[in-house]
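A closer look at the structure
Residues per chain are reported as follows:
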Amino acid sequence: MDIPVPPLPDSSRISDTGRLEVAGCDIVELAREFGTPLFVYDESQIRERCRAYMAAFSSRTDDFEIVYASKAFSCVAICQLMVQEGMSLDVASGGELFTALSAWFPPEKIYLHGNANTRDELHRAVRNEVGAVVLDSLDEMAVLDEVAREQGRRQRVLLRITPGIEAHTHDYIHTGKLDSKFGVCLAEGVALETVGQVLKAEHLELTGFHAHIGSQIFSLEPYRKTVAAMAGFMADCRRKYGFDCRVLDVGGGLGVAYTEEDEPASVDDLAEMIVAAARSEMSRVDLPMPRLIVEPGRSIVAGAGLTAYEIETVKTIPGVRTYVAVNGGMSDNLRPMLYGASYRALIADRPGADPTVTAAVAGKHCESGDILVKEAPLPDPCPGDILVTPATGAYGYSMANNYNGQPRPAVLFVTNGKARVVIRRESCEDMVRLHERLE
Ligand code: LLP
């Protein structure tokens, strides 16, 4: 029987007992055993998404790298999984770098990003011999050059360019436009001038350029425009400095379906757009094909994950609304509050049952805006039921917080009927561990 609420992991089904099952695991039983709120990832689906990227690019070009943007969901286990799948890794801070190194991620396949890395973070990146630092500014360049000199190393770098491309996504996750805190802009010759400075830095080796235009992108046309803009820029750099750009990183951003209304492009279509655009644009400006890099985060993990909550209270305001309140909320999923993101909800105890009420799924936090799903059709929701929000695998746990003293949830990987804890549930003791007493 089909489950009426997409988009659950592909392995989801209704079990013989009528409950939601993912990768052979009964979600209600997992909730009982491991507690709620609980993040559950279908491990095979994450692997399949990595393989889809690998296959899509390897069938079109020999020189490419798929870099998982670990900000979407970072933990030791997923870094290990990424090594197994042949992926590289984007880390956005010293903390994500530490997580990757704790998983023995090969440092030469790590890219450090960030618009405000501290000297200490840059030190750690150079000391651990990361593959490349993606330079965001001249200020960062100056510090990194010094840090590399102090350590007697020459650090490979890419330069992050803001190409001024409209990506048609939420303003908060739109990074490629001119007015952005990220990167150096193509406009007014700023990027060209910056390249001259980077090429002069004695302890840095510039290998290419990076441009990430935004996130949750549905139309592929902005990628073509980005490649075209970057090709023109690469040609300018060769003309002005004789610089041969060997690497072109076009960032991440492929959109995913949070509801049945979202229709994202496929990984294959993305690869076709990027590789074909690179071929035609490079031949237009008479440059060899660079190594192509993409940095998907969301499109690798979002759909493989879901969150299970317990319903605590159900309240109906006559003639107004029914609120179904769960034991999590903006501490484990900030996306509805930050971006107005839409999610669906279902009851894992009876996913096939017909809805009896359209309710707002509210979180437990002291904010009226703590609403996870504005309008969820649910079958007779009751306290004690396990409510699931699908497609929470990206930027859910990674943006989780302790608001209202809420410990962060546990995270499970499920596969072939087996569940493994990959992040233990935080305890109240964990939360006060760093607090110091007066006296
Ligand atoms: N590369 C760079 C340099 C990035 O800044 C990002 C995301 C990615 C790759 C991966 O993008 P993805 O494939 O995941 O779209 N918290 C927001 C998303 C912020 C994205 C930040 N950068 C959200 O929940 O929608």
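Residues numbered from 1 in each chain as written. Predicted model: local features only at pLDDT ≥ 70, side-chain atom pairs only at ≥ 80, totals over all residues. Heavy atoms only, no water.

**Some thoughts on the site of the ligand**
The cut-off we apply is this: A molecule or strand has a residue near it when one of that residue's heavy atoms lies within 4 Å. Distance and chemistry together define a polar contact, namely a pair of N or O atoms within 3.5 Å, with one atom able to donate a hydrogen and the other to accept it when in protein, and with adjacent residues in sequence counting only for side-chain atoms on both sides. Surface accessibility in these figures is a Shrake-Rupley result with a 1.4 Å probe; residues are shielded only by whichever protein chains are displayed. Polar here means any residue other than Ala, Val, Leu, Ile, Met, Phe, Trp, Tyr, Cys and Pro, which are nonpolar, and Asp, Glu, Lys and Arg, which are charged; Gly is therefore polar.
Lining the immediate surroundings of the ligand are 19 residues, of which Ser-215, Glu-295, Arg-298, Arg-335 and Tyr-395 lie closest. Residue Gly-253 places a main-chain N or O atom 2.8 Å away from an oxygen atom belonging to the ligand. Here an oxygen atom of the ligand sits 2.9 Å away from a polar atom, N or O, in the main chain of Gly-297. Protein burial of the ligand: of its 580 Å² of free accessible surface, 92% is covered by the chains. Residues of the shell around the ligand, tallied by class, amount to six nonpolar, seven polar and six charged.

**Considering the packing of helix H7 (residues 190–200) against helix H8 (residues 221–241)**
The relative placement of two packed helices comes down to the angle between their axes together with the axis-to-axis distance. Spelled out, the test is: Axis definition: a line fitted to C-alpha atoms, over the contacting stretch in the case of helices. Angles run 0 to 180 degrees between N-to-C directions. By definition, any uninterrupted DSSP run of H or I lasting at least four residues is a helix, any uninterrupted run of E lasting at least two residues is a strand, and each is numbered from the N terminus. Here the angle decides the label: under 35 degrees means roughly parallel, over 145 means roughly antiparallel, 65 to 115 means roughly perpendicular, and every other value means oblique. Two helices crossing with the near one rotated counterclockwise from the far one by less than a right angle form a left-handed crossing, whereas a clockwise rotation gives a right-handed crossing. Every residue pair with non-hydrogen atoms within 4.5 Å of one another is taken to be in contact.
Across the interface, H7 lies against H8 with an axial gap of 10 Å and an inter-helix angle of 50 degrees. By the angle between their directions, the pair H7 and H8 is classed as oblique. Here H7 runs over H8; the crossing is right-handed. The residues of H8 that touch H7, namely those facing Ala-191, Leu-192, Glu-193, Val-195, Gly-196 and Leu-199, are Phe-233, Asp-236, Cys-237, Lys-240 and Tyr-241.

**A short note on the packing of aromatic side chains**
This is how it is decided: The pairing test for Phe, Tyr and Trp rings, Trp by its six-membered ring, is centres within 6.5 Å, and the orientation test on the planes gives stacked under 30 degrees, edge-to-face over 60, and tilted for anything in between. Working definition: with a 1.4 Å probe on protein chains only, accessible area under 20% of the residue-type maximum means buried, over 50% means exposed, and in between means partly exposed.
The final tally for this structure, using the stated rule, is eight aromatic pairs. Between Tyr-41 and Phe-413, the ring centres sit 6.0 Å apart and the planes meet at 70 degrees, which makes this aromatic pair edge-to-face. Separated by 372 residues along the polypeptide, Tyr-41 in strand S4 (residues 38–42) and Phe-413 in strand S20 (residues 410–415) bring together distant segments of the chain. With respect to class, Tyr-41 is no different from Phe-413; both count as buried. For the ring pair Phe-73 and Tyr-397, a centre distance of 6.3 Å and an interplane angle of 85 degrees mean the geometry is edge-to-face. One end of the pair, Phe-73, is in the loop between strand S5 (64–69) and helix H3 (76–84); the other, Tyr-397, is in the loop between strand S19 (386–390) and S20, with 324 residues separating them in the sequence. What links up through ring pairs into an aromatic cluster is the set Phe-39, Tyr-41, Phe-73, Tyr-397 and Phe-413.

**Remarks on the environment of Gly-303**
As for its position among the elements, Gly-303 is in the loop between helix H10 (298–301) and strand S14 (305–317). Residue Gly-303 is classed as partly exposed on the basis of its relative accessible area, which comes to 25%. Residues Gly-303 and Met-399, spaced 96 residues apart in sequence, show a C-alpha to C-alpha distance of 17 Å. The contact partners of Gly-303, leaving out residues within four places of it in the chain, are Pro-7, Leu-8, Pro-9, Gln-45 and Ala-391.

**Quick notes on helix H6 (residues 138–150)**
Since there are 3.6 residues in each turn of an α-helix, residues three or four apart along the chain are aligned in direction. How we decide: By this rule, a helix spans an expected 1.5 Å times one less than how many residues it contains.
Here H6 spans 18 Å end to end across 13 residues, near enough to the 18 Å set by a 1.5 Å rise per residue. Tucked inside the fold, the buried residues of H6 contact helix H5 (119–127), strand S8 (132–135), strand S9 (155–162), H7 and strand S11 (204–210). Of the residues trailing H6, Gly-152 is marked for its positive phi of about 65 degrees.

**Regarding the state of the cysteines**
Let me state the cut-off plainly: We call a pair of cysteine sulfur atoms a disulfide whenever their separation is within 2.5 Å.
As enumerated under the stated definition, the model contains zero disulfides in all. Lacking any disulfide linkage, Cys-25 is separated from the closest cysteine sulfur, that of Cys-75, by 17 Å. Not part of a disulfide, Cys-237 finds its nearest cysteine sulfur in Cys-245, a span of 7.6 Å.

**Description of the pattern of salt bridges**
Rules: Between Lys or Arg on one side and Asp or Glu on the other, a salt bridge is scored when a side-chain nitrogen of the former is within 4 Å of a carboxyl oxygen of the latter.
Within the structure shown, the criterion is met by 26 salt bridges. Between Asp-236 and Arg-239 there is a salt bridge, and its shortest N-O distance comes to 3.1 Å. With Asp-236 and Arg-239 both in helix H8 and three residues apart, this pair spans about one turn of that helix. By relative accessible area, Asp-236 is classed as partly exposed at 29%. Several salt bridges share partner residues, and in doing so they unite Glu-43, Arg-47, Arg-51, Glu-85 and Arg-420 into one network.

**What about the pairing of S9?**
Each regular strand shows side chains that alternate between the opposite faces of the sheet. Selection criterion: Pairing between strands is defined by DSSP: at least two bridges between the two strands are required.
Among the eight residues of S9, seven are classified as buried, and the element is accordingly described as predominantly covered. Relative to S9, S8 runs parallel, the two sharing three bridges. Residue pairing in the sheet places Leu-135 in a bridge with Leu-159 of S9. In this sheet, strand S10 (residues 184–185) lies alongside S9 in parallel orientation, the contact comprising two bridges. When the bridges of S10 are listed, Ile-161 appears paired with Val-184.

**Section: helix H2 (residues 43–58)**
Taking 1.5 Å of rise per residue, 16 residues should cover 22 Å, and H2 covers 23 Å from first to last C-alpha, within 8% of that figure. Here H2 has its buried residues at Glu-43, Gln-45, Ile-46, Arg-47, Cys-50, Tyr-53, Met-54, Ala-56 and Phe-57. N-cap assignment for H2: the residue whose side-chain oxygen lies 3.0 Å from the backbone N of Ser-44 is Asp-42.

**Topic: the domain arrangement of the chain**
Threshold: Residue ranges for the domains trace back to a domain assignment, done automatically or taken from a database. Accessible-area loss on putting two parts together, using a 1.4 Å probe and summing over both, is the definition of buried area adopted here.
Under the domain assignment, the chain is made up of domain 1 (13–35 + 304–432) and domain 2 (44–298). Placing a centre on the C-alpha atoms of domain 1 and another on those of domain 2 gives a separation of 33 Å. Contact with domain 1, which involves 18 residues of that partner, is made by 20 residues of domain 2. Here domain 1 meets domain 2 over a buried area of about 1700 Å², counting both sides, of which 63% is carbon and sulfur. Seen at the junction of domain 1 and domain 2, the total is two salt bridges. Two residues, Arg-344 and Glu-261, come together in a salt bridge whose shortest N-O distance is 3.7 Å. Here domain 1 and domain 2 share five residue pairs in polar contact (both at pLDDT 80 or more) between them. A breakdown of the residues in the side of domain 1 that touches domain 2 according to their chemical character gives 12 nonpolar, four polar and two charged.

**Quick word on the pairing of S5**
In terms of burial, S5 is largely enclosed, as six of its six residues are buried. Side chains Phe-64, Ile-66 and Tyr-68 project from S5 onto one buried face, and the interleaved Glu-65, Val-67 and Ala-69 project onto a second face that is buried too. Relative to strand S6 (residues 88–91), S5 runs parallel, the two being bridged by three bridges. Its bridge partner being in S6, Ala-69 is matched across the sheet by Asp-90.

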